[in-house]
Amino acid sequence: MPATQRSTKSHPRKPGSQSALRHLNQQRIIECLLSGPSTQAELSRQTGLSTATISNIVKIMQDAGLVSTEPTTSSGRRATNVRLNSNGAVAVGIDFGRRHLRVVLASLGYHVIAEDYMELPLGHQAEEGIAAAVPLLDRLLRENGIDRTAVVGAGAGIPGPIDRRTGTVAQGAILPEWVGIDILHRLEEALNCPVFVDNDANLGALSEVTWGPHSGVSNLMFLKIGSGIGAGLILNGLPYYGNVGITGEIGHATIHEHGLVCRCGNRGCLETIASTTTMIELLGRGQEKLLTPQDIVRNCLAGDSATQRVVDDAGLAVGRALGNVSNLINPEVIVVGGPLAGLGDLLLDPIRRGLVRHAVPVVGETTHLAMSSLGARAEALGAAALVFQHAGITGR
């Protein structure tokens, strides 16, 4: 499955040291085993390493719990078969948000081994986010007894468009401090492993067809409603990236021509009406404490009339934008995610009304609208799935 940006292998920090050479050789063996068990002789042929070197490294990996071995026969001769253990190949999923960082460790079987979350300061620089991700990842690996060589790669989600031509964060990101940063290579240098980068909404869509309940859906849209609003698209079974990778910018669809000026420079964009930032501004007037998206969910579920009105208005606007998009691409499923997912039907119902009102009748009637079951983990899980997709591991 194609991805927006793919890294090359990172070079060890001390390429001449014995430990760095062993680390590199272990990674080569793991890559060979991703496609299935192999004998030590086969690993020697595939990697170009001597049988003695393979035997020594396999012994180290076995002691570390990365692989298991069993006697077998090959061409009538006794041989040793080597198999990756469930935690012998681990994908890292990283979700960088406007105010948060989430890191997930996932095994070959699409099982979450560990995860953690931390707050980041509003307006943080790219270097701050990356600097926070490294020790968080190291701690998760250490606490779960996972060797660094077991990391197949890391996927990272960024809340903004990524220009596929340059690998940089493009203008229009919800984190303007990250614009122009070559995030792919900065992460690769910091994490010292292969890195794959994508927009967070694209990863949300990928998570729904890998980790979520929509694995059999070929045409799906994932809509993330947060500080910004963006969409990820799966069309004909593949992620859709368009010409230069800038797709799904539904948050900048014009809803009110003479509305508020948006950060993109246009007026009346969907984000100026339905983002959590706008909701917080509307509901926070006269409040001493700054509201959060969690407050919106809690107050709406508790029956607060002002919050319910703001959510209803936002949902109708989102539905209108989705109706226009649905008329173009006719998706089978639209999944809504982001920090407001806990609202359930309180948000889905007005979105559905707007969608049906503005879509061609047959499109509105046949488009299934659902709330994401993956919650706040969707983007990080999609980032881990991106790593496995590149390794050729396509499903559970």
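Peer 1: Is there a simple way to think about the pattern of salt bridges in this case?
Peer 2: Any two side chains of opposite charge can pair, on the condition that their charged atoms come close. Counting across every chain of the model gives 17 salt bridges. Measuring nitrogen to oxygen at the nearest pair gives 3.5 Å for the salt bridge that ties Arg148 to Asp138. Residue Arg148 is located in the loop between α4 (126-143) and β8 (151-158), and its partner Asp138 is located in helix α4; the two are separated by 10 residues in the primary sequence. A relative accessible area of 24% means that Arg148 is categorised as partly exposed.

Peer 1: Explanation requested: the nonpolar core in the structure shown.
Peer 2: It is characteristic of soluble globular proteins that their nonpolar side chains tend to be buried jointly. Residues Phe96, Leu101, Leu105, Leu187, Leu191 and Leu220 are the most contacted members of the largest nonpolar core, which totals 82 residues. Counting 39 residues, the second-largest nonpolar core is a separate cluster that includes Ile225, Val310, Val311 and Leu340.

Peer 1: What am I meant to see in the pairing of strand β12 (residues 220-225) here?
Peer 2: Each regular strand carries side chains that alternate between the two faces of the sheet. Burial analysis of β12 places six of its six residues in the buried class, which makes it a mostly covered element. By the alternation rule, side chains of β12 split into Leu220, Phe222 and Lys224 and Met221, Leu223 and Ile225, which are all buried. Summarising the sheet, β12 and strand β13 (residues 229-235) pair through six bridges and their orientation is antiparallel. By the bridge assignment for β13, Leu223 is matched with Ala231. In textbook terms, the turn of a hairpin is the stretch between consecutive antiparallel strands, and for β12 and β13 this stretch comprises three residues.

Peer 1: What is the right way to read the layout of surface pockets from this model?
Peer 2: Any empty space left between the atoms is revealed when a probe the size of a water molecule rolls over them. Each pocket or cavity is described by its volume, and for the largest pocket that value is around 890 Å³. If you go around the largest pocket, you meet 45 residues; those closest to its centre are His100, Lys224, Gly226, Ser227 and Pro339. The element best represented in the lining of the largest pocket is helix α8 (residues 276-283), accounting for four residues. For the lining of the largest pocket, the class distribution of residues is 15 nonpolar, 18 polar and 12 charged.

Peer 1: Explanation requested: helix α5 (residues 183-191) in the structure shown.
Peer 2: Along an α-helix, a turn takes 3.6 residues, which lines up residues three or four apart on a common side. Regarding α5, the residues found buried are Ile183, Leu184, Leu187, Glu188, Ala190 and Leu191. Take α5 and look down its axis: the buried residues cluster within an arc of 165°, on one side only.

Peer 1: Explain the sheet that holds strand β2 (residues 38-39) to me, please; I cannot follow it from the model alone.
Peer 2: The strands that make up a sheet are held in pairs by hydrogen bonds between backbone atoms, and each pair lies either parallel or antiparallel. Ordered in space as β2-β4-β3, the three strands form an open sheet in which the pairing is antiparallel. The open sheet terminates on both sides in strands that have one partner only, identified here as β2 and β3 (67-74). Note that β2 and strand β4 (residues 77-84) share two bridges and pair antiparallel. Bridging from a neighbouring strand, Ser38 pairs with Val82 of β4. Helix α3 (residues 51-63) contacts β3 and β4 of the sheet and is inclined by roughly 135° relative to β3.

Peer 1: Got a minute to help me understand the sheet that holds strand β15 (residues 333-337) in this structure?
Peer 2: The five strands lie next to each other as β14-β13-β12-β15-β16, forming an open sheet whose pairing is mixed. Looking at strand neighbours, the two that pair on one side only are β14 (238-239) and β16 (368-371), the edges of this open sheet. In the sheet, β13 pairs with β14 via two bridges, with the strands oriented antiparallel. Note on β14: the bridge partner recorded for Leu235 is Leu238. In the packing of helix α10 (residues 305-329) onto the sheet, contacts are made with β12, β13 and β15, and the angle to β12 comes to roughly 160°.

Peer 1: How should the pairing of strand β6 (residues 100-106) be read in this particular structure?
Peer 2: Among the seven residues in β6, seven count as buried, and that is most of the element. Examined bridge by bridge, strand β5 (residues 90-96) and β6 share six bridges and lie antiparallel to one another. The residue bridging Asp95 from the neighbouring strand is Arg102, located in β6. Linking β5 to β6, which pair antiparallel, is a turn of three residues. Once β6 ends, the chain turns through five residues before running back antiparallel as strand β7 (residues 112-119), passing Tyr110 with a positive phi of about 55°.

Peer 1: Explain unusual backbone geometry to me, please; I cannot follow it from the model alone.
Peer 2: Note: most peptide bonds trans; most residues except glycine with negative phi. In this structure, Asn236 is a non-glycine residue whose phi angle is positive, near 55°. Note on placement: Asn236 falls in the loop between β13 and β14. Even without being a glycine, Asn330 presents a positive backbone phi close to 50°. The residue Asn330 is located in the loop between α10 and β15 in this model. Under the relative-accessibility criterion, Asn330 is labelled partly exposed at 43%.

Calculation rules
Starting from 1, residues in each chain are numbered consecutively following that chain's sequence as written. Per-residue local features of the predicted model are confined to residues with pLDDT of at least 70, and side-chain atom pairs are confined, for both listing and counting, to 80 or more; whole-chain, interface and lining totals are unaffected and use all residues. Only hydrogens and water are removed before side-chain values are computed, so all heavy atoms of the structure are retained for them. For this document, the term salt bridge refers to a Lys or Arg side-chain nitrogen within 4 Å of an Asp or Glu carboxyl oxygen. Working definition: helices are DSSP H or I runs of at least four residues, strands are E runs of at least two. Numbering for both runs from the N terminus. Summary of the burial criterion: residues with accessible area below 20% of their type's maximum are buried, those above 50% are exposed, and those between are partly exposed, where the area comes from a 1.4 Å probe applied to protein chains only. Nonpolar core, defined: a set of buried Ala, Val, Leu, Ile, Met, Phe, Trp, Tyr and Cys residues in which side-chain atoms within 4.5 Å join the residues together. Strand pairing is assigned whenever DSSP identifies at least 2 bridges connecting the two strands. Only protein atoms enter the 1 Å grid used here, on which a cavity is any set of points holding a 1.4 Å probe that cannot leave and a pocket is any open set flanked by protein within 12 Å on both sides along at least five of seven lines; residues with an atom within 4 Å of a point are listed as lining. Grid points are joined across faces, edges and corners, and a volume is the space filled by probe spheres set on the points. Gly counts as polar in this scheme, as do all residues outside two lists: the nonpolar Ala, Val, Leu, Ile, Met, Phe, Trp, Tyr, Cys and Pro, and the charged Asp, Glu, Lys and Arg. Taking the helix axis as origin, the arc is that swept by the directions to the C-beta atoms. Only heavy atoms matter for contacts: two residues are in contact if any of them lie within 4.5 Å across the pair. Axis geometry follows a simple rule: fit a line to the C-alpha atoms, using only the stretch in contact for helices, then measure angles between N-to-C directions, giving values from 0 to 180 degrees.

Keep in mind that these numbers describe shape and distance, not what the molecule does.
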